[in-house]
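# Tertiary structure, described
Here is how the chains run, residue by residue.
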Amino acid sequence: MMDTPPRAHDSGGVSARITELDAAKQRAHQEIGIHMTESPQQKLHVAFASAEAAPFVKTGGLGDVVQALPEALSGDVAGSLPQALKAAGAEVVVLVPKYDTIAQEYKDRMEHLCDFYVPLGWRNEYCGIERLNHLGVDYLFIDNERYFSRGYPYGFFDDGERFAFFSKAIVE
């Protein structure tokens, strides 16, 4: 067994520097803590992007999960997850494709915000943004009839392209 060689005495240089760094770290943590408690709390911003959002479009599982999650979290009926977050003080927006199957009563209440073109592959695709405030939550509908005017949300040969467009339109 080999003994480690004795260390030379650092005459306080390294030890003092470590102590100094530890003290600086503690001061920084205290300053951050004070700063965090003294500053006004910022509102949480939440964006949901979903192929479905009840009551506008719901084919089954996804719509059920979005509605059931707040119930599971709170132990009672809390409505939809976006509504629960909004009630907790968050700024919430839900982005959904504007399917032709959305009830006319909702379409009539939508406000056109803007339109632009989304580069997708070798072409540019039209994208309109429609807004509807429903139960205190802002819903933004991504409009493109080529992709979303089909009579049903899913099951088409180009679903990958359709939802690539939806995703890209959101980040544009």
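Because the structure is predicted, anything quoted here is derived from the model rather than measured.

Definitions and limits used
- Residues numbered from 1 in each chain as written.
- Predicted model: local features only at pLDDT ≥ 70, side-chain atom pairs only at ≥ 80, totals over all residues.
- Heavy atoms only, no water.
- Pairing = 2+ DSSP bridges.
- Helix = DSSP H or I, 4+ residues; strand = E, 2+ residues; numbered from the N terminus.
- Salt bridge = Lys/Arg side-chain N within 4 Å of Asp/Glu carboxyl O.
- Buried < 20%, exposed > 50% of the residue type's maximum accessible area, 1.4 Å probe, protein only.
- Axes fitted to C-alpha atoms, helices over the stretch in contact; angles between N-to-C directions.
- pLDDT = per-residue confidence, 0-100.
- Contact = heavy atoms within 4.5 Å.
- Phe/Tyr/Trp six-rings, centres within 6.5 Å; stacked < 30°, edge-to-face > 60°.
- Lys NZ or Arg CZ within 6 Å of the ring centre and 35° of its normal.

### Remarks on the pairing of strand β3 (residues 111–120)
The sheet contact formed by β3 and strand β4 (residues 123–134) spans 9 bridges and is antiparallel. Across the sheet, the residue bridging to Asp115 is Gly128, located in β4. What sits between β3 and β4 in their antiparallel hairpin is a turn of 2 residues, with Gly121 showing a positive phi close to 65°.

### Quick notes on the pattern of salt bridges
For the structure on display, the rule yields 7 salt bridges. Between Glu161 and Arg123 there is a salt bridge, with its nearest N and O atoms 2.2 Å apart. Within this pair, whereas Glu161 is found in helix α6 (residues 159–171), its partner Arg123 is found in strand β4, the two being separated by 38 residues in sequence. For Glu161, a relative accessible area of 32% corresponds to the partly exposed category. Since its relative accessible area comes to 17%, Arg123 is described here as buried. Residues joined in a network through salt bridges with shared partners are Arg123, Glu125, Arg146 and Glu161.

### Observations regarding the sheet that holds β3
With mixed pairing, 5 strands are arranged side by side in an open sheet as β1-β2-β5-β4-β3. Where the open sheet ends on each side, the last strands, each with one partner, are β1 (45–49) and β3. Along the sheet, successive strands turn relative to each other by an average axial angle of 25°, direction set aside. Relative to strand β2 (residues 91–97), β1 runs parallel, the two sharing 5 bridges.

### Quick word on the confidence of the model for the protein chain
Residues at a pLDDT of 70 or more form 66% of the protein chain, whose mean pLDDT is 77. Predicted confidence for residues 31–39 stays below pLDDT 50, and this span has 0 contacts to residues more than four positions away or in other chains. Scored below 50 in pLDDT, residues 68–79 makes 13 contacts in the model with residues more than four places away or belonging to other chains.

### Some thoughts on the packing of aromatic side chains
Inspection of the entire model under this criterion finds 13 aromatic pairs. When the ring of Phe56 is compared with that of Phe141, the centres are 5.2 Å apart and the planes differ by 90°; the resulting orientation is edge-to-face. Pair noted here: Phe56 is in the loop between β1 and α2 (61–74) and Phe141 is in strand β5 (residues 137–143), with a separation of 85 residues, a long-range link. For the pair Phe56 and Phe141, a shared accessibility class is recorded, and that class is buried. Ring geometry for Tyr139 and Phe141: centres 6.5 Å apart, planes at 25°, overall stacked. Among the aromatic residues, those joined into a ring-pair cluster are Tyr99, Tyr147, Phe148, Tyr154, Phe163, Phe165 and Phe166. Here Arg146 stacks its cationic end above the ring of Tyr147, 5.9 Å away from the centre of that ring.

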